[in-house]
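Examination of the molecular architecture
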Amino acid sequence: MISSIGKYCYLALPSTKSLVAGHCYISPLNHCSSSVTCDEEVWSEIQEFRRALVKMFNSKRMDCVFFEQYTNQKKYSHLVI
């Protein structure tokens, strides 16, 4: 369930059960295996999504936690924050 689409990334709600209220994903539209391997413009847009989420949750007096999980390089992995 995509909530917002940018030029390089999108914000989506999980298709399965959420970890917590407000759980969502930020992911690049094109393949990128980790944050250190993505292009500058992709990382910049991820940062914009993060800033917007922090602002939204702060207005509700809530905090945000962002994390990236990296799996084995030999498998096809895709960046999800």
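Please refer to the structure higher up on the page.
Before going into details, it helps to say that this report is about the structure given with it. (Residues numbered from 1 in each chain as written. Predicted model: local features only at pLDDT ≥ 70, side-chain atom pairs only at ≥ 80, totals over all residues. Heavy atoms only, no water.)

1. Comments concerning the overall build of the protein chain
- Tallying secondary structure elements over the protein chain gives one helix and three strands in all.
- Taken from N to C terminus, the helices and strands of the protein chain fall in the order β-β-β-α.
- For the protein chain, whose C-alpha radius of gyration is 13 Å, the value lies close to the compact-globule estimate of 12 Å for 81 residues.
- Its C-alpha atoms put the protein chain at 40 × 30 × 20 Å along the principal axes.
- Burial statistics for the protein chain: of 81 residues in total, 26% are counted as buried.
- Counting only contacts in the protein chain whose residues sit at least 6 apart along the sequence, the fraction spanning at least 24 positions is 48%.
- Carbon together with sulfur atoms contributes 53% to the accessible area of the protein chain, which is approximately 6,100 Å² in total.
- Averaging the coordinates of the 9 positive side-chain charges in the protein chain and doing the same for the 7 negative ones gives two points 10 Å apart. (Helix = DSSP H or I, 4+ residues; strand = E, 2+ residues; numbered from the N terminus. Rg over C-alpha atoms; globule rule 2.2 N^0.38 Å. Buried < 20%, exposed > 50% of the residue type's maximum accessible area, 1.4 Å probe, protein only. Contact = heavy atoms within 4.5 Å. Areas by Shrake-Rupley, 256 points an atom, 1.4 Å probe, with all protein chains shown as cover. Lys, Arg positive; Asp, Glu negative; His and termini not counted. Charge placed at Lys NZ, Arg CZ, Asp CG, Glu CD.)

2. Some thoughts on the sheet that holds strand β2 (residues 9–12)
- Taken together, three strands build an open sheet; the order of strands is β1-β2-β3 and the sheet is antiparallel. Each of the sheet's edge strands pairs with one partner strand only, and the pair in question is β1 (2–5) and β3 (25–28). Between one strand axis and the next, the sheet turns through 25 degrees on average, direction left out of account.
- Where β2 meets β3, four bridges bridge the pair, whose relative direction is antiparallel. Within β3, the residue paired with Leu 11 across the bridge is Ile 26.
- Against the sheet, helix α1 (residues 40–59) engages β1, β2 and β3, with an angle of about 30 degrees to β2. (Pairing = 2+ DSSP bridges. Axes fitted to C-alpha atoms, helices over the stretch in contact; angles between N-to-C directions.)

3. Brief notes about a nonpolar patch on the surface
- On the surface, a nonpolar cluster with roughly 470 Å² of combined accessible area is contributed by Leu 19, Val 20, Val 65 and Phe 67.
- When its relative accessible area of 56% is taken as the criterion, Val 20 is described as exposed. (Patch = residues over 30% accessible without salt bridge, like charges linked within 9 Å, V, L, I, M, F, W, Y side chains within 5 Å. Salt bridge = Lys/Arg side-chain N within 4 Å of Asp/Glu carboxyl O.)

4. What to know about the pairing of β2
- Two strands pair when backbone bridges link them, and β1 and β2 are joined in this way by three bridges, in the antiparallel orientation. Bridging across to β2, Ile 5 finds its partner in Tyr 10.
- The antiparallel hairpin formed by β1 and β2 contains three residues in its connecting segment.

5. Quick word on the state of the cysteines
- Counted according to the given criterion, the structure contains zero disulfides.
- Unpaired in terms of disulfides, Cys 24 finds its nearest cysteine sulfur in Cys 64, a separation of 7.6 Å.
- Cys 32 takes part in no disulfide bond, and the closest cysteine sulfur, belonging to Cys 38, lies 4.1 Å away. (Disulfide = S-S within 2.5 Å.)

6. Some details on the nonpolar core
- Counting residues in each nonpolar core, the largest one holds 13 residues, and the members touching the most others are Leu 11, Ile 26, Ile 46 and Leu 53.
- Broken down by secondary-structure element, the contributors of at least two residues to this core are β2 and α1.
- No other element matches the five residues that α1 contributes to this core. (Core = buried A, V, L, I, M, F, W, Y, C linked by side-chain atoms within 4.5 Å.)

7. A few points about α1
- Taking 1.5 Å of rise per residue, the 20 residues of α1 would be expected to cover 28 Å, and the 29 Å separating its terminal C-alpha atoms lies within 8% of that figure.
- Along its buried surface, α1 packs onto β1, β2 and β3.
- Positive backbone phi, approximately 60 degrees, marks Arg 61, located one or two places after α1. (Expected span 1.5 Å × (residues − 1).)

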